[in-house]
Amino acid sequence: MFAGEPLVDLLGRAGCPTPCYVYDLGAMAAEARALAAGFEDAPHLVAYAVKANSAGPVVRALAAAGCGCEVGSAAELELALASGVAPRAILLSGVAKSDAEIDRAIGADILAIQLDSVSEVARVRARAVAAGRRARVTLRVNPDVEADTHAHIATGHGEAKFGIALDDLPEAWAELARAPELALCGLGGHVGSQLVSTDAYLRAAERLFELVREREREHGPLELVDLGGGFGIDYGQGCPVRPADFARGIRLLAARMGMGRRRLVVEPGRALVGPFGVLVAGVLGTKRSYAQRWLMIDAGMNDLLRPALYGARHRVEALDTATGNARATYRVVGPVCESADDFGAFELPDPPPERVLLRDAGAYGYTMASHYNGRALPAEIFVGRGGTLSVGRTGSAADWVRSRVDVPSPPL
Ligand code: LLP
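Residues numbered from 1 in each chain as written. Predicted model: local features only at pLDDT ≥ 70, side-chain atom pairs only at ≥ 80, totals over all residues. Heavy atoms only, no water.

A. Structural view of the overall build of the protein chain. Helices and strands together make up the secondary structure of the protein chain, namely 12 helices and 18 strands. Taking 22 Å as the expected radius of gyration for a compact globule of 412 residues, we find that the protein chain reaches 23 Å, a close match to that expectation. For the protein chain, the C-alpha atoms occupy an extent of roughly 70 × 60 × 45 Å along the three principal directions. In the protein chain, buried positions account for 54% of the 412 residues. Put simply, 70% of the contacts in the protein chain that link residues at least 6 apart link residues at least 24 apart. In the form shown here, the protein chain has an accessible surface area of approximately 17,700 Å², with 51% of it arising from carbon and sulfur atoms. Of the side chains in the protein chain, 44 bear a positive and 49 a negative charge, and the two mean positions are spaced by 2 Å. (Helix = DSSP H or I, 4+ residues; strand = E, 2+ residues; numbered from the N terminus. Rg over C-alpha atoms; globule rule 2.2 N^0.38 Å. Buried < 20%, exposed > 50% of the residue type's maximum accessible area, 1.4 Å probe, protein only. Contact = heavy atoms within 4.5 Å. Areas by Shrake-Rupley, 256 points an atom, 1.4 Å probe, with all protein chains shown as cover. Lys, Arg positive; Asp, Glu negative; His and termini not counted. Charge placed at Lys NZ, Arg CZ, Asp CG, Glu CD.)

Here is the structure:
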């Protein structure tokens with residue numbers, strides 16, 4: 001079942017070739033509202049991290065559910081603005097922003113440009129001077145907190161490239177004092193992604209609140225504290241916390257530390273979209289090679305990179321009903337010419353179904369997809385109210401061929 005309807009029926013109605021992503025917009029919006037409810041009456045902003053899933057229907061559904069956006073590039077900023085998100089509900093993060101990105105953010109008067117290094121204070125100031133405007137900024141602090149997650153997605157520890165080290169904060173304050181064109185509206189942090197406990201998150205939040213308190217002692221109240229994203233989901237190995245548990249934890253901590261009046265900002269990506277998307281793939285064949293039984297599907301690492309990049313496991317299940325009860329363990333692999341194009345071993349009906357689905361693929365699926373091996377980008381099906389559908393098809397293989405052939409050659 002998907003969004004209250006058998007997925008097979010839904011796919012039949014959409015008439016879409018595989019591989020394709022299918023998303024339940026109503027469930028995404030409901031999760032965003034449940035998260036916001038965890039803040040109760042504390043002032044807050046749920047700034048959806050667009051990098052998790054940047055499809056227009058997704059961003060618009062979350063905006064309609066009250067979300068702002070966290071964006072990581074000028075293109076994501078344009079996308080959020082074009083999706084109707086209010087500029088003052090958008091934060092721009094990034095460890096290396098271009099002048100063009102900074103200029104666009106200043107021009108649009110977004111909620112905050114998150115300064116990621118001491119040197120960025122002077123850079124953003126120079127752009128504000130050039131634009132003749134005041135820029136709203138936050139400092140992204142690296143709170144030196146170890147999050148219990150995959151090394152590639154832990155971002156708030158001492159060896160990560162992100163944020164301003166605690167030791168460097170005095171220098172950042174000094175730079176800010178020389179920058180009247182920058183309006184410091186708060187502090188921020190982001191400790192990592194796929195956190196399955198609130199511990200590290202709340203430890204970082206406590207450090208941020210302490211820093212806010214110190215800063216406010218001399219400089220008056222700050223408007224917001226941005227605690228970042230990272231709320232984990234259940235990929236099949238369990239996740240005892242829900243997004244609303246993070247909101248509740250932050251609210252209680254903020255109240256205990258006398259931070260209740262500051263606007264509490266969170267930047268969830270995965271948790272709002274991941275569980276509400278699946279990747280549907282066609283089965284192309286099977287083979288036995290030495291001791292292994294392989295199941296070849298038409299989705300590859302170019303469509304869903306997470307298993308190859310992080311060893312992530314997206315449960316693979318049969319989509320079409322099996323004819324008998326026999327089952328066998330298959331290594332499920334895609335068509336890309338890489339050994340890492342491997343989704344892992346799963347028990348599936350034997351003989352195998354015509355199609356399979358890969359679960360929890362709503363976040364960092366399509367957004368990390370590529371044209372590797374000249375492959376088309378997967379289609380996307382969006383399920384709206386009452387089972388209504390829309391279909392997105394971008395990046396066909398023919399477009400890819402054209403774009404590569406059309407690259408001009410110098411004289412040979
Ligand atoms: N805020 C900032 C500044 C971020 O860098 C990120 C994610 C988020 C918020 C949202 O984090 P989330 O709530 O989605 O965990 N591609 C990886 C995840 C990389 C996350 C990058 N930054 C994956 O597929 O697991």
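Having put the structure on the table, let's press on.
B. Just the site of the ligand, in detail. Near the ligand lie 20 residues; those nearest to it are S193, E267, R306, Y310 and Y364. At a separation of 2.8 Å, an oxygen atom of the ligand approaches a polar backbone atom of R270. A distance of 2.7 Å separates a nitrogen atom of the ligand from a polar atom in the side chain of Y310. In the complex, 91% of the free accessible area of the ligand, which totals 580 Å², lies under the protein chains. (Near = heavy atom within 4 Å. Polar contact = N/O pair within 3.5 Å; in protein donor to acceptor, adjacent residues only side chain to side chain.)

C. Quick look at the pairing of strand β18 (residues 389–392). Where strand β17 (residues 379–383) and β18 come together, four bridges link them in antiparallel fashion. Looking at the pairing, V383 lines up with L389 of β18. The hairpin turn running from β17 into β18, its antiparallel successor, is five residues long, and G386 in that turn takes a positive phi close to 60°. (Pairing = 2+ DSSP bridges.)

D. Structural view of the pairing of β17. Here β17 lies mainly inside the structure; five of its five residues are buried. Taking every second residue as pointing to the same face, both faces of β17 are buried, with A379, I381 and V383 on one and E380 and F382 on the other. Relative to β17, strand β1 (residues 20–24) is paired through five bridges, and the arrangement is parallel. Opposite D24, over in β17, you have V383 as the bridge partner.

E. Structural view of the side chain of S83. Position of S83 relative to the elements: it lies in the loop between α4 (74–82) and β4 (90–92). Side-chain polar atoms of S83 contact the backbone oxygen of L79, separated by 2.6 Å. Beyond its immediate chain neighbours, meaning those up to four positions away, S83 contacts V59 and R60.

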